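# Breakdown of the fold
The primary structure of each chain is shown beneath.
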Amino acid sequence: MIALLAAIGIMSAMDQEAALIRDTIQEKEIVQVGCREFIKGTFEGVPVVFTLSGVGKVSAATTAALLIAKFGVDEIVFTGVAGGGKGVEIGDVVIGHTYLQHDIDTRPFFPQFYVHSLSKQTLPADQKLIARMKAAADRFFANGIAFPSLGILNPQVREGVIVSGDQFVGAAHHEKIVDSTKDVLPNGFHAIEIEGAAVAQVCNELEVPFVVLRAISDKANHEAAVDFLTFMDQVASLYSHGILKEYFQAN
Ligand code: ADE
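Now for a look at the structure at hand. Positions within a chain are numbered from 1, following the residues in the order the chain's sequence is written. Thresholds applied to this predicted model are a pLDDT of at least 70 for local features of residues and 80 or more for the giving and counting of side-chain atom pairs; totals over whole chains, interfaces and linings are not thresholded and use all residues. With hydrogens and water set aside, each side-chain value is computed from the structure's full complement of heavy atoms.

### Side note on the packing of aromatic side chains
Stacked, tilted and edge-to-face pairs are distinguished by plane angle, under 30 degrees for stacked and over 60 for edge-to-face with tilted covering the rest, among Phe, Tyr and Trp rings (Trp via its six-membered ring) whose centres lie within 6.5 Å. Applying the stated criterion across every chain, the model contains eleven aromatic pairs. Ring centres of Phe-43 and Phe-248 lie 5.3 Å apart, and the angle between their planes is 85°; this geometry places the pair in the edge-to-face category. Here the residue Phe-43 occupies a position in strand β3 (residues 36–43), and Phe-248 occupies one in helix α7 (residues 236–249), the gap between them amounting to 205 residues. Here Phe-43 matches Phe-248 in class, with each residue buried. Residues Phe-168 and Phe-228 carry aromatic rings whose centres are separated by 5.3 Å and whose planes lie at 70° to one another, so their mutual orientation is edge-to-face. In this pair, Phe-168 sits in the loop between β8 (157–164) and α4 (171–181) while Phe-228 sits in helix α6 (residues 224–234), placing the two residues 60 residues apart along the sequence. The exposure class assigned to Phe-228 is buried, which follows from its relative accessible area of 16%. Ring pairs connect the aromatic residues Phe-140, Phe-141, Phe-147, Phe-231 and Tyr-239, which therefore count as one cluster. Starting at the N terminus, helices and strands are each numbered in turn, a helix being any DSSP run of H or I of at least four residues and a strand any DSSP run of E of at least two. Partly exposed residues are those whose accessible area sits between 20% and 50% of the maximum for their type, while under 20% is buried and over 50% is exposed, using a 1.4 Å probe and protein chains only.

### Structural notes on the site of the ligand
Neighbouring the ligand are 13 residues; Ala-82, Gly-83, Phe-168, Val-169 and Asp-218 lie closest to it. Here a polar contact means two N or O atoms within 3.5 Å. Within protein one must be a hydrogen donor candidate and the other an acceptor candidate, and residues neighboring in sequence count only if both atoms are side-chain atoms. A distance of 3.1 Å is found between a nitrogen atom of the ligand and a backbone nitrogen or oxygen belonging to Gly-83. Residue Val-169 places a main-chain N or O atom 2.8 Å away from a nitrogen atom belonging to the ligand. Note that accessible areas follow from Shrake-Rupley with a 1.4 Å probe, and for residues the cover is restricted to the protein chains shown. For the ligand, the protein covers 96% of the area, taking 260 Å² as the surface of the free molecule. Comparing atom positions with the cavity grids shows the ligand to sit within the largest pocket. Listed by contribution, the elements that provide at least two residues to the shell around the ligand are β5 (76–84), β9 (191–193) and β10 (210–218). In terms of residue count, β5 provides more of the shell around the ligand than any other element does, three residues in total. Only a single heavy atom is needed: when it lies within 4 Å of a molecule or strand, its residue is near that molecule or strand. Think of a 1 Å grid over the protein atoms and nothing else: a 1.4 Å probe that fits but is trapped marks a cavity, an open set flanked by protein within 12 Å on at least five of seven lines marks a pocket, and residues with an atom within 4 Å of a point count as lining. Cavities and pockets are treated as containing a molecule whenever more than half of the molecule's atoms lie within 2 Å of their grid points.

See the structure below:
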């Protein structure tokens, strides 16, 4: 008897973060669910279901839940861009090992950042997938990736902490988040974005392995909006596609 191959879910928030992945999927079948389009097919020969969540934690959570409950994926890979936190530069990539939703605050009844369904403030990703994604990103960068006009000369790959909330973060807000998270995250955080920790919550609740890969598009500072747009335009999809290609080839 042939074992049925379950698919891997691939998610991004915005089209610019994943256009090359979408365009490379083979044997496409499109399934519309509500306002979202899910593309079933293969990527590097591996069965996948690709979709764009749209921006926001609720959008990301809805999409992750649909991938799992309706499409039966047995793993989720989220790829996109993020603002840089501690010790990371534009062009680096962060693979999340720990996730926190910086905009959850139900004090005085519960600790800040507390995820009620899981009784935790921080959530983990799957160690095996983190290691596989790190190896994939290392192989991608070994090809000598650089974007000198954007100051990206020697990009680094790191595993780290991703914080998420429903805001695009600039300088003043960044400082506030650093301050409010310092007790829970004594070593700080490395990427700040919108969807990752929402996917982490759904996948932890439903016990589906997942990993989030974030290319650093800006430093969540005064230049964040301009840097973000430039990176989205010139780099985001190349990184996502190049790293996921390595990831799926090793699958
Ligand atoms: N994604 C990319 N840059 C970001 C930022 N500065 N804040 C939130 N999400 C982001």
